[in-house]
Amino acid sequence: MTDDENRRGAWRAALACMVTLAVALGIGRFAFTPMLPVMLAEGKLDLQGGGLLASLNYLGYFVGALSCAAIRLPPIVMVRGGLIATAVLLLGMGLLNDFAAWGLLRGAAGVVSAWVFVFASGWGLRRLAETGAPALGGVIYSGPGIGIAATGLLGGVVGRWGSTAAWIGFGLAALVLVAVIWRIFDDGAVVAPASALPASPPAAGALAAARSDARWLVALYGIAGFGYIITATFLPVIARQALPASPWPDLFWPLFGLAIVPGAIIGARVPSHWDNRLLLAAGCALQALGVLLSVVWPTVPGFLLGSVLLGLPFTAITLFAVREARRLRGNAAAGLIGYATASYGVGQIVGPLFAAPLAHATGSFAVPLLAAAAALMVGSALFVLVWWRKG
């Protein structure tokens, strides 16, 4: 293939995967965040019910991530099937009006979003490697941010017609986007997940240290999952409590999504010789500050800055964690990435279950948010400590 053909192929793959992650994660997984205050206002949910639905979604993501290693279907089958399932599950949220059914739908959406994330990432990164354009990985991982921004902006508008219309609208929009990119996923080659791309394994003498670092990575990545998810689940609700008469609360969530885009692109271009543990520490510290601002400075500027600081490192943290796993395990990194993802998933499950009852009892999210910010700061400090001890 010529250089121009490679360049076009790389951009087609990157943009297709970007749209894929926007649909599966930005819409399929995170549309619930802007919909939660609408459903609360309609009386369809209470705060604890909303927290439970969120945790069921994160439990589904946990199960989906763990199951990826056992799946032997071609990536394009998983991606296409997952995208169709995402649209159907979104439509189901609007067409059904039963809490138990919503729980099943949100759990299934979590499973599907994990499958699509893993297999679309693997397909896309392999295509970029084949066409000599690995730097376009940042385009792929900007997809969740674009989807979050879109659902945030549309949710505030469509939600005025009711949550039923909003969910159906999201499902139809997902179907349109899937139709646009469907034919790009036409390569039947079996592509390994991103974790299986070539990398140099550690030296034999470093295996014991690598095992210790791996345990730290799994534990601290779970703290990162807990630290961000409370704000990511309840941000519009938190902002409306703090600014009840303001038109701004519906804009903080899309701003969080928009901030993910430059963060993903910058993260993908960080030099490979920079230490991943320090990068993870910096990302956790930024998110801790973003969470803390919503408590200590609950104003429009405070929420604006907090949303940006929470969003910028959101995808970059995942990239750095995957890169650290590959540094430790080389070609055998898939298992470590799976354990780390599972730990992150546990943190996401615990977050809403911890925050919603406490906020309901106290009438405020201040205590859960302070706990989340503290967890992120502890995680950041421990990443630095691990780096220093191994230095």
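In case you missed it, the structure is sitting above this.
Computed from a prediction, not measured in an experiment: that's the story for all the values here.

K.L.:
Help me out: how do you make sense of the overall build of the chain in this one?
P.N.:
For the chain, the helix and strand inventory stands at 15 helices and zero strands. Relative to the globule expectation of 21 Å for 391 residues, the C-alpha radius of gyration of the chain, 20 Å, shows essentially globular dimensions. For the C-alpha atoms alone, the extent of the chain along its principal axes is close to 55 × 50 × 35 Å. Counting across all 391 residues of the chain, residues that qualify as buried make up 55%. Long-range contacts, defined as pairs at least 24 residues apart, comprise 86% of the intrachain contacts of the chain with a sequence gap of at least 6. Element-wise, carbon and sulfur atoms account for 70% of the exposed surface of the chain, whose accessible area totals about 15,600 Å². The distance from the centre of the 23 positive side-chain charges to the centre of the 13 negative ones in the chain is 6 Å.

K.L.:
Explain the state of the cysteines to me, please; I cannot follow it from the model alone.
P.N.:
A covalent bond between the sulfur atoms of two cysteines is referred to as a disulfide. Applying the stated rule across the entire model yields zero disulfides. Free cysteine C17: the closest other cysteine sulfur is in C68, separated by 15 Å. When its relative accessible area of 0% is taken as the criterion, C17 is described as buried.

K.L.:
Help me out: how do you make sense of the environment of T33 in this one?
P.N.:
Its place among the elements puts T33 in helix α2 (residues 32-42). Overall, T33 belongs to the buried group, its relative accessible area being 2%. Residues T33 and R106, 73 residues apart in the sequence, show an inter-C-alpha distance of 12 Å. The residues contacting T33, other than those within four sequence positions of it, are A232, T233, P236 and W253.

K.L.:
I tried to follow the layout of surface pockets on my own but got confused; where do I start?
P.N.:
To find leftover empty space, a probe the size of one water molecule is rolled over the atoms. One number sums up the size of the second largest pocket: a volume of about 220 Å³. Looking at the second largest pocket, it is lined by 14 residues, and the ones nearest its centre are I266, L286, P313, A316 and F320. When residues of the lining of the second largest pocket are traced back to their parent elements, those giving at least two are α10 (249-268), α11 (276-296) and α13 (314-329). By residue class, the composition of the lining of the second largest pocket is 11 nonpolar, three polar and no charged.

K.L.:
For this particular structure, what's the right way to read α10?
P.N.:
Helical geometry: 3.6 residues make up each α-helical turn, so side chains three or four residues apart lie on a common side. The end-to-end C-alpha distance of α10 is 31 Å, a good match for the 28 Å that 20 residues give at a rise of 1.5 Å each. Listed in full, the buried residues belonging to α10 are P249, F252, W253, P254, F256, G257, A259, I260, V261, G263, A264 and G267.

K.L.:
Help me out: how do you make sense of empty space enclosed by the protein in this one?
P.N.:
For the coordinates displayed, the defined rule picks out three cavities of 30 Å³ or more. Roughly 60 Å³ of internal volume is contained in the largest cavity. Lining the largest cavity we find R29, F30, F32, T33, L53, A54, N57, Y58, R106 and T233. Take the lining of the largest cavity: its biggest share by element is four residues, from helix α3 (residues 47-67). Across the lining of the largest cavity, the residue classes tally to five nonpolar, three polar and two charged.

K.L.:
I keep staring at the pattern of salt bridges and nothing clicks. Help me out?
P.N.:
Two side chains bearing opposite charge may form a pair once their charged atoms approach each other closely. For the structure on display, the rule yields six salt bridges. One salt bridge in this structure joins D213 and R277, with 3.3 Å as the shortest N-O distance. Placement of the pair is D213 in helix α9 (residues 207-242) and R277 in helix α11, with a sequence separation of 64 residues. With respect to class, D213 is no different from R277; both count as buried. The salt bridge partner of R240 is D250, with a shortest N-O separation of 2.6 Å.

K.L.:
Hey, could you run me through the packing of aromatic side chains in this one?
P.N.:
Pairs of aromatic rings are described using the distance from one ring centre to the other and the angle between the two planes. Scanning all chains against the criterion turns up 14 aromatic pairs. For the pair F30 and F314, a centre-to-centre distance of 6.2 Å together with 75 degrees between the ring planes defines the contact as edge-to-face. On the criterion of sequence distance, the pair formed by F30 in the loop between α1 (3-27) and α2 and F314 in helix α13 is long-range, its members being 284 residues apart. Judged by relative accessible area, which is 1%, F30 ranks as buried. Overall, the relative accessible area of 10% leaves F314 in the buried class. Taken together, a centroid distance of 6.4 Å and an interplanar angle of 15 degrees make the contact between W248 and F252 stacked. Judged by its relative accessible area of 35%, W248 falls in the partly exposed class.

Calculation rules
Residues numbered from 1 in each chain as written. Predicted model: local features only at pLDDT ≥ 70, side-chain atom pairs only at ≥ 80, totals over all residues. Heavy atoms only, no water. Helix = DSSP H or I, 4+ residues; strand = E, 2+ residues; numbered from the N terminus. Rg over C-alpha atoms; globule rule 2.2 N^0.38 Å. Buried < 20%, exposed > 50% of the residue type's maximum accessible area, 1.4 Å probe, protein only. Contact = heavy atoms within 4.5 Å. Areas by Shrake-Rupley, 256 points an atom, 1.4 Å probe, with all protein chains shown as cover. Lys, Arg positive; Asp, Glu negative; His and termini not counted. Charge placed at Lys NZ, Arg CZ, Asp CG, Glu CD. Disulfide = S-S within 2.5 Å. 1 Å grid on protein atoms, 1.4 Å probe; cavity = no way out; pocket = protein on both sides within 12 Å on 5 of 7 lines; lining within 4 Å. Points joined across faces, edges and corners; volume = space filled by probe spheres on them. Nonpolar A, V, L, I, M, F, W, Y, C, P; charged D, E, K, R; others polar. Expected span 1.5 Å × (residues − 1). Salt bridge = Lys/Arg side-chain N within 4 Å of Asp/Glu carboxyl O. Phe/Tyr/Trp six-rings, centres within 6.5 Å; stacked < 30°, edge-to-face > 60°.

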